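A structural walkthrough
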Amino acid sequence: LALISILLLTFIIYLPSLGNGFTNWDDDVYVTGNLLVVHPHVRDVLITPVLGNYHPLTMLSLALNYRISGPRPASYHWLNLILHLANTALVFAFVWLLSRRRFWTATATSLFFGIHPMHVESVAWIAERKDVLYTLFYLLGLIAYLRYLERRRWAWLAVCLAAFVLSLASKPAAVVFPLTLLALDYFFRRTDRTRLVLEKLPLLTLSVAAGLLTLNAQKAAGAVGSPGTWTRFEKLLFASYASVTYVL
């Protein structure tokens, strides 16, 4: 009942986004003027970066929306909101497991996740589909890893790996996933270092590959500045922006 109430509140808060249109900032490149979406071919979607990002699963989801409603924006906003509601539920499940079934911890965390203003950009802006989609698989991967830690069955680790691949295919930001798993290992005080490393090797390999792929795509799109463009302090400020704004 608590989770249903949280999802209902989140839906009501984001209800105005369903009436939004397309913007002229990335929505045109991602959807309305993108042949990968308008006339999709799976091979082209799998090998073609968009705006310096390699996220084929995101592009396939936008192509699905185009198949449903064409250049009308309603279905895109509906799917963004549905994904955000699913993520809010997954946060509840993840924190429920992480906190060893502490009800109020899971309730408060999922509530703040669902209604936090910093998520508005990801939900209300069609071009940010990649955010809500990669988060979906990221959270599924974390939940699968917690199940693996509980039951020690390699099948759960395989599910975790599959979710990570899908998260990477939705947004390159998922490269930090193996570090999140190491943080969970530290939280649960796991000490078998050999096992920890062997578990993470496939994930780390995928992270490095995705990172290099993204770096090349960013350079090709002109999104990577020359080494002397910014000072180290300025780079630190850029990297800290989201975290500091979240606290504010």
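Everything in this summary refers to the structure shown in the same document. (Residues numbered from 1 in each chain as written. Predicted model: local features only at pLDDT ≥ 70, side-chain atom pairs only at ≥ 80, totals over all residues. Heavy atoms only, no water.)

Moving on, we come to helix α9 (residues 129-151). The terminal C-alpha atoms of α9, which comprises 23 residues, lie 34 Å apart, in line with the 33 Å expected from a rise of 1.5 Å per residue. Of all the 23 residues making up α9, 20 are buried; the element is thus mostly covered by neighbouring parts of the structure. (Helix = DSSP H or I, 4+ residues; strand = E, 2+ residues; numbered from the N terminus. Expected span 1.5 Å × (residues − 1). Buried < 20%, exposed > 50% of the residue type's maximum accessible area, 1.4 Å probe, protein only.)

Moving on, we come to the pattern of salt bridges. Side-chain pairing between opposite charges can occur once the charged atoms of the two side chains come close. For the structure on display, the rule yields ten salt bridges. Counted as one network, the salt bridges with shared partners bring together Asp 185, Arg 190, Arg 195, Glu 199 and Lys 200. (Salt bridge = Lys/Arg side-chain N within 4 Å of Asp/Glu carboxyl O.)

Our next topic: a nonpolar patch on the surface. Judged by side-chain polarity, Trp 230, Phe 233, Leu 236, Leu 237 and Phe 238 come together as a nonpolar surface patch covering roughly 570 Å² of accessible area. Mapped onto the secondary structure, Leu 237 falls in helix α13 (residues 232-247). You can call Leu 237 partly exposed: its relative accessible area is 45%. (Patch = residues over 30% accessible without salt bridge, like charges linked within 9 Å, V, L, I, M, F, W, Y side chains within 5 Å. Areas by Shrake-Rupley, 256 points an atom, 1.4 Å probe, with all protein chains shown as cover.)

Counted by the stated rule, this structure contains twelve aromatic pairs. On the numbers, 6.0 Å between centres and 35 degrees between planes, the contact of Phe 11 with Trp 78 is tilted. Here Phe 11 is found in helix α1 (residues 2-14), whereas its partner Trp 78 is found in helix α6 (residues 74-98), with 67 residues between them in sequence. By way of ring pairs, the aromatic residues Tyr 134, Tyr 138, Phe 164 and Phe 177 are connected into one cluster. (Phe/Tyr/Trp six-rings, centres within 6.5 Å; stacked < 30°, edge-to-face > 60°.)

Located in the positive-phi region is Arg 152, a residue other than glycine, with phi close to 55 degrees. Of note, Arg 152 is situated in the loop between α9 and α10 (154-168). On the accessibility criterion, Arg 152 (41% relative accessible area) is partly exposed. Despite not being glycine, Arg 189 has its phi angle at roughly 55 degrees, a positive value.

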